Amino acid sequence: MPQPLMGKPASQGTGSERYALHIPLWIGTEIQADELGRIPIWKSVPTNIAGYPATVERREFYFILHVPGFPSEKEAGDFFDVFASTLIQWSLRNSATIRFPPILEPVLTSNDPNLWFRKHLSSEQYPGWNRSEDGSITDGAIHPEQACLIPEHKRIWEYPAFYTRRVVPLKLDQVFVESPERKNGVRVLRDDYILLVTEVLWTAFDQIDRRVRFILLMTALEIIAGGEPAGDPPEYLRKVTAELKSVVAQRRKGSTPEISKLLERCDLKIDQIIEQGIMGSLRLLLCRVSGIDPQDEAQIAPRNEIHGTINALYKVRSGLAHGGKMRVTDPTSYGVLTSSLQILEKLVIDALLFCWKERDQQPSKISDATD
């Protein structure tokens, strides 16, 4: 059965107040789930989850668990928390993969960027829903690959999957036709760095959760930059840090052991400022990818733009890696993450293809690091 081209209703849209859980599940290939495997695509079967009647619907690459009939949002949310906790612990105990979004997304309403799509659906697409005074025939929408709390008594539409994930068609016989330079780059297959980055990118591309995808892409970019030198720090930075180190050295003379130990730590921190580290390597790599000479003062504006981009990406990464500050339920954080993800993905691919071509032409800094 083919996917409904324009999507389908996600709720009944009538009756008293009640709520349902919409939970997509990706089952790992190591899990033997014969009963699920026998479900035809776009068909559902009844089941029971902890005493709650539910259905499991099979999609092309995943399953949808639908648990209806909750009298309140709180009861539905409490059930989801228990369900998620139980399923994660089961997967950890069995070293098995059951992926699902761990956070319930809000139903898209007036803030829906695809609102135009719902407004232009013909009346025949809806199961007897009446138009409101403002002419609308839906109250909200969900994406199929997001976990959602659906108000069953409201008119909620489920978007088709192509509104959630990019789909890239593949025809093997066309791959070689579209790659006239296919004989180039074969030597790169012996480059451990580039092969490792490719594996990380494949894993990143397969992620539904934007946060996990972002962290993996940052990891890939750091691997690419691993063979780059950090570069020399600017002259002004060398002068300032030299002055600071001189002040610390003078202050340590004749100080107590406790003060001396504290000042020693300050001296180490100053050394860390002058050491460019991975940030310096990334700046140098991306300057090279963009054709910018980092030492050319005439190119200071584009160089600073690259530096600013890297700093912004690391700020997002810090928000994800330290305390989970980037929440998908926060529209501001979600918007920043989405736009940053687009920038990061292009940077990683451009950098990898640049190093691929460089490695094919001559031994690159990346390959030197693996020798």
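Residues numbered from 1 in each chain as written. Predicted model: local features only at pLDDT ≥ 70, side-chain atom pairs only at ≥ 80, totals over all residues. Heavy atoms only, no water.

Draft legend 1. Summary view of the packing of helix H6 (residues 210–225) against helix H10 (residues 300–321). Look at H6 against H10: their axes get within 10 Å of each other, and the N-to-C directions meet at 125°. By the criterion of interaxial angle, the relationship of H6 to H10 is oblique. Crossing of H6 over H10 shows left-handed handedness. Counted together, Arg 211, Phe 214, Ile 215, Met 218 and Glu 222 of H6 and Leu 313, Tyr 314, Val 316, Arg 317 and Leu 320 of H10 form the full contact between these two elements. When its residues are assigned to classes, the contact of H6 with H10 shows seven nonpolar, no polar and three charged. (Axes fitted to C-alpha atoms, helices over the stretch in contact; angles between N-to-C directions. Helix = DSSP H or I, 4+ residues; strand = E, 2+ residues; numbered from the N terminus. Parallel < 35°, antiparallel > 145°, perpendicular 65-115°, else oblique. Left-handed = near helix turned anticlockwise from the far one by under 90°. Contact = heavy atoms within 4.5 Å. Nonpolar A, V, L, I, M, F, W, Y, C, P; charged D, E, K, R; others polar.)

Draft legend 2. The pairing of strand E4 (residues 52–58), seen in detail. As paired strands, strand E3 (residues 44–49) and E4 are joined by six bridges and run antiparallel to one another. Looking at the pairing, Asn 48 lines up with Pro 53 of E4. A loop of two residues connects E3 with E4, the two strands running antiparallel in sequence, and Ala 50 in this loop sits at a positive phi of about 55°. As defined by bridge partners, E4 adjoins strand E5 (residues 63–70) across four bridges and the pair is classed as antiparallel. Paired with Val 56 across the two strands is Leu 65, which belongs to E5. Hairpin connection from E4 to E5: four residues lie between these consecutive antiparallel strands. (Pairing = 2+ DSSP bridges.)

Draft legend 3. Inspection of unusual backbone geometry at higher detail. In this structure, Trp 42 takes a positive phi of about 70° despite not being glycine. The topology assignment puts Trp 42 in the loop between helix H1 (34–37) and E3. The backbone of Ser 95 shows a phi angle near 50°, a positive value even though the residue is not glycine. One can find Ser 95 in the loop between helix H2 (73–93) and strand E6 (98–99).

Draft legend 4. Seen up close, the confidence of the model for the chain. With 82% of its residues at a pLDDT of 70 or more, the chain has an overall mean of 81. Taken together, the stretch residues 363–371 has pLDDT below 50 and engages in 18 contacts with residues farther than four places along the chain or on a different chain. (pLDDT = per-residue confidence, 0-100.)

Draft legend 5. Seen up close, the nonpolar core. In terms of nonpolar packing, the biggest core is built from 31 residues, with Phe 214, Ile 224, Leu 344 and Val 348 touching the most fellow members. Every element with two or more residues in this core is listed here: helix H5 (192–205), H6, helix H9 (277–289), H10 and helix H11 (331–361). Here this core gets eight residues from one element, more than from any other, and that element is H6. Of all hydrophobic cores here, the second largest spans 24 residues; its members include Ala 84, Ala 96, Phe 100 and Ala 147. (Core = buried A, V, L, I, M, F, W, Y, C linked by side-chain atoms within 4.5 Å. Buried < 20%, exposed > 50% of the residue type's maximum accessible area, 1.4 Å probe, protein only.)

Draft legend 6. Geometry of the environment of Tyr 62. Within the secondary structure, Tyr 62 sits in the loop between E4 and E5. Taking C-alpha positions, Tyr 62 is 9.6 Å from Ile 41, a pair spaced 21 residues apart along the chain. Leaving out residues up to four positions away in the same chain, Tyr 62 has contacts with Pro 24, Leu 25, Trp 26, Glu 57, Pro 144 and Glu 145.

Draft legend 7. Fine view of the pattern of salt bridges. Taken as a whole, this structure holds eleven salt bridges when the rule is applied. The residue Glu 345 makes a salt bridge to Arg 213 at a minimum N-O spacing of 2.9 Å. With a gap of 132 residues between them, Glu 345 in helix H11 and Arg 213 in helix H6 connect regions that are remote in the sequence. We classify Glu 345 as buried; its relative accessible area is 16%. Residue Arg 213 is classed as buried on the basis of its relative accessible area of 14%. Ionic contacts of the salt-bridge type, sharing partners, join the residues Lys 8, Glu 57, Arg 59 and Glu 158 into one network. (Salt bridge = Lys/Arg side-chain N within 4 Å of Asp/Glu carboxyl O.)

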